[in-house]
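Chain by chain, the residues run as shown.
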Amino acid sequence: MASVRLENVNKVYDGGVHAVHDFSIDIKDREFIAFVGPSGCGKSTTLRMIAGLEEISYGNFYIDDVLMNSTAPKDRDIAMVFQSYALYPQMTVYDNMAYALKLRKVPKPEIDRRVRAAAEILKLTPYLNRKPRALSGGQRQRVALGRSIVRRPKVFLMDEPLSNLDAKLRVAMRSEIVRIHKEVGATTIYVTHDQIEAMTMANRIVVMKDGFIQQIGEPNEIYHHPINMFVAGFIGTPAMNFLYGRLEDGYFIPRGSELKIKMGKEHMDLLKNYVGHGMVYGIRPENLVYEKDERFASHKDYSFDLTIDMVELLGDIVNAYGKIGDAQLIVKMPNKYNLKAGQTIKVAIETDYARFFNETTTKTITPEYNEFEEIEVTKSLDNDNVTIIEPEKKGLFGRKKKK
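Residues numbered from 1 in each chain as written. Predicted model: local features only at pLDDT ≥ 70, side-chain atom pairs only at ≥ 80, totals over all residues. Heavy atoms only, no water.

J.: Kindly report on the environment of threonine 200, identifying the contributing residues and their values.
T.: Tracing the backbone through its elements, the reader meets threonine 200 in helix H6 (residues 195–201). Residue threonine 200 is classed as partly exposed on the basis of its relative accessible area of 48%. Considered as a pair, threonine 200 and proline 38 are 162 residues apart in the sequence and their alpha carbons are 18 Å apart. If near-sequence neighbours (up to four positions away) are discounted, threonine 200 is found in contact with Arg174 and Val178. Within the structure, threonine 200 has its side chain in polar contact with the side chain of arginine 174 (distance 3.3 Å). (Helix = DSSP H or I, 4+ residues; strand = E, 2+ residues; numbered from the N terminus. Buried < 20%, exposed > 50% of the residue type's maximum accessible area, 1.4 Å probe, protein only. Contact = heavy atoms within 4.5 Å. Polar contact = N/O pair within 3.5 Å; in protein donor to acceptor, adjacent residues only side chain to side chain.)

J.: Would you mind going over the pattern of salt bridges in detail, with residue names and values included?
T.: Using the criterion set out here, one finds 22 salt bridges in the structure. A cluster of three or more residues bridged by salt bridges with shared partners is formed by Glu110, Arg113, Arg114 and Arg152. (Salt bridge = Lys/Arg side-chain N within 4 Å of Asp/Glu carboxyl O.)

J.: Report on unusual backbone geometry, specifying residues and quantitative values.
T.: Following threonine 237, the chain continues to proline 238 via a peptide bond in cis, the omega torsion being -10°. Counting through the fold element by element, proline 238 comes out in the loop between helix H8 (229–234) and strand E11 (241–248). Although it is not a glycine, lysine 123 sits at a positive phi angle of roughly 60°. Following the sequence through the fold, lysine 123 ends up in the loop between helix H3 (108–122) and helix H4 (137–149). The backbone of aspartate 249 sits at a positive phi, close to 50°, despite the residue not being glycine. Inspection of the secondary structure assignment puts aspartate 249 in the loop between E11 and strand E12 (251–254).

J.: Hey, could you go over the sheet that holds strand E1 (residues 4–12) for me, with residue numbers and the actual values?
T.: Read from one edge of the open sheet, four strands run E2-E1-E4-E5, paired in antiparallel fashion. A strand with exactly one partner marks an edge of an open sheet, and here the two such strands are strand E2 (18–27) and strand E5 (66–67). The strands that helix H1 (residues 43–51) touches are E1, E2 and strand E4 (58–63); relative to E1, the one it contacts most, it runs at about 115°. (Pairing = 2+ DSSP bridges. Axes fitted to C-alpha atoms, helices over the stretch in contact; angles between N-to-C directions.)

J.: Run through the nonpolar core, naming residues and quoting values.
T.: As a rule of thumb, nonpolar side chains are buried together in soluble globular proteins. One finds Met97, Val115, Leu145, Ile177, Val207 and Ile235 to be the most contacted residues of the largest nonpolar core, which totals 49 residues. Among the elements that take part in this core, H3 stands out by supplying six residues, more than any other. Apart from the residues within four sequence positions on either side, isoleucine 177 is in contact with Phe32, Leu145, Met158, Pro161, Leu162, Tyr190 and Met201. Core analysis: the next-biggest nonpolar cluster, separate from the first, contains 33 residues, Leu247, Ile261, Leu288 and Val331 among them. (Core = buried A, V, L, I, M, F, W, Y, C linked by side-chain atoms within 4.5 Å.)

J.: Report on the pairing of E1, specifying residues and quantitative values.
T.: Relative to E4, E1 runs antiparallel, the two being bridged by five bridges. Residue pairing in the sheet places asparagine 10 in a bridge with tyrosine 58 of E4. Hairpin connection of E1 to E2: five residues between the antiparallel strands, including glycine 15 at a positive phi of 95°.

J.: An account of the sheet that holds E11 is requested, with residue identities and associated values reported.
T.: The five strands lie next to each other as E13-E12-E11-E14-E20, forming an open sheet whose pairing is antiparallel. Here the strands that pair on one side only, and so sit at the sheet edges, are strand E13 (261–262) and strand E20 (355–357). The pairing of strand E14 (residues 278–283) with E20 spans three bridges and is classified as antiparallel. Bridged to glycine 282 within E20 is arginine 355.

J.: Quick rundown of H4? Include the residues and the values.
T.: Over its 13 residues, H4 extends 18 Å from the first C-alpha to the last, a length consistent with the 18 Å expected when each residue adds 1.5 Å. When you tally the buried positions in H4, you get 11 out of 13 residues, the bulk of the element. Residues of H4 that are buried make contact with strand E6 (78–81), helix H2 (93–103), H3, strand E7 (155–159) and helix H5 (167–184). (Expected span 1.5 Å × (residues − 1).)

J.: I'd like a description of the confidence of the model for the protein, backed by residues and values.
T.: Here the protein shows a mean pLDDT of 88. Residues at 70 or above account for 92%. Across residues 376–403, confidence stays below pLDDT 50; counting only partners more than four residues off in sequence or on other chains, it has 60 contacts. (pLDDT = per-residue confidence, 0-100.)

J.: Before we move on, could you go through the environment of phenylalanine 357 and cite the residues and values that matter?
T.: Position of phenylalanine 357 relative to the elements: it lies in strand E20. C-alpha of phenylalanine 357 to C-alpha of asparagine 370: the two residues are 13 residues apart in sequence and 9.2 Å apart in space. Leave out the neighbours within four places in its chain, and phenylalanine 357 touches Asn228, Met229, Ala232, Met240, Phe242, Met279, Val280, Gly282, Thr362, Lys363, Thr364 and Ile365.

J.: Before we move on, could you go through the packing of aromatic side chains and cite the residues and values that matter?
T.: Counting across every chain of the model gives eight aromatic pairs. Look at phenylalanine 32 and tyrosine 190: their rings are 5.8 Å apart centre to centre, the planes differ by 35°, and that puts the pair in the tilted class. Here phenylalanine 32 is found in strand E3 (residues 32–36), whereas its partner tyrosine 190 is found in strand E8 (residues 187–192), with 158 residues between them in sequence. In this pair, the class of phenylalanine 32 matches that of tyrosine 190, namely buried. Ring pairs connect the aromatic residues Phe252, Tyr281 and Phe356, which therefore count as one cluster. One Lys or Arg, lysine 209, reaches over the ring of phenylalanine 230 and ends 5.5 Å from the middle of that ring. Lying across the ring of tyrosine 223, arginine 284 places its NZ or CZ 4.0 Å from the centre. (Phe/Tyr/Trp six-rings, centres within 6.5 Å; stacked < 30°, edge-to-face > 60°. Lys NZ or Arg CZ within 6 Å of the ring centre and 35° of its normal.)

As structure tokens, then:
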């Protein structure tokens, strides 16, 4: 297989639309990378530049340290699996998988060996003589994967390949694709808007927004240590709770509320520059502990009352919705407490999992980035909770460039 490297890759369309900004990443041989983000973030455009279906405006793209910018798509040794299966309806499964090899004039015995080997990996052997209309959606997607596998490309590209499947089949196909990746050992770049797919399948995730990389990291790293509010809110289901407010006398006071949430000494040390200023307190729904949970006793000093507005039943878990001041709060818990709308419950914060954000820059406050700063921002149109700094003025993620 192969390593892939992108260096400051940009895509600018006619009319000055800048779809991808300075995209840089090193992808190791046999790695499974997911590009994830909302519609219009630039993930599919980046994938198409790698495939050669879109021209790179400026920047460089390498496979195994060989510059590929001017290489024709057919000569890049890349296979792409699209959202639509794009199978030939008049051909059998066998012929669909063999077609690209026939065009390359691969000898018939070699074609047969490759197709049958791929069919074995994909569990398609019983269906080789069927036509696509006689297959289920999941089987058709496996045929599309098989057509790529038989070519033995250096790099596999997948552009939202599961989005046409129903929810149950998507779950099954996620594990199938991971299994196939391990068996084939392919370097794989997978594009999805579904953060669950990215979290469960990839070795590393690239989170994108508005054409910019927001964060690159392993799934757990991105989940537990998001670099900014966009990543914290996009990764995780339900999304992280964000409470806007201020620090006073060792307490966090949410905006529009008289509630005072106690702060631990370690957090006050981190946030000392924010005392008296606005900031954002972030906590994931699963890290709010209901009073009947055995974990509650360890965190009762950080508890408060919450009146439930709505209970969302999701089988083994429930999401309880309430409000703290101006902000909605979601508590995720096991489905065993028979909670009802209108009920007031006591919940505690697992403070080890609390994250804090600069309200202006939306960056996560860390020991390395904890100076309070107010700088000019531009509003993001697709997420009311997030503001984005103009990167060309302030540097990546809104942090001021050091002189």
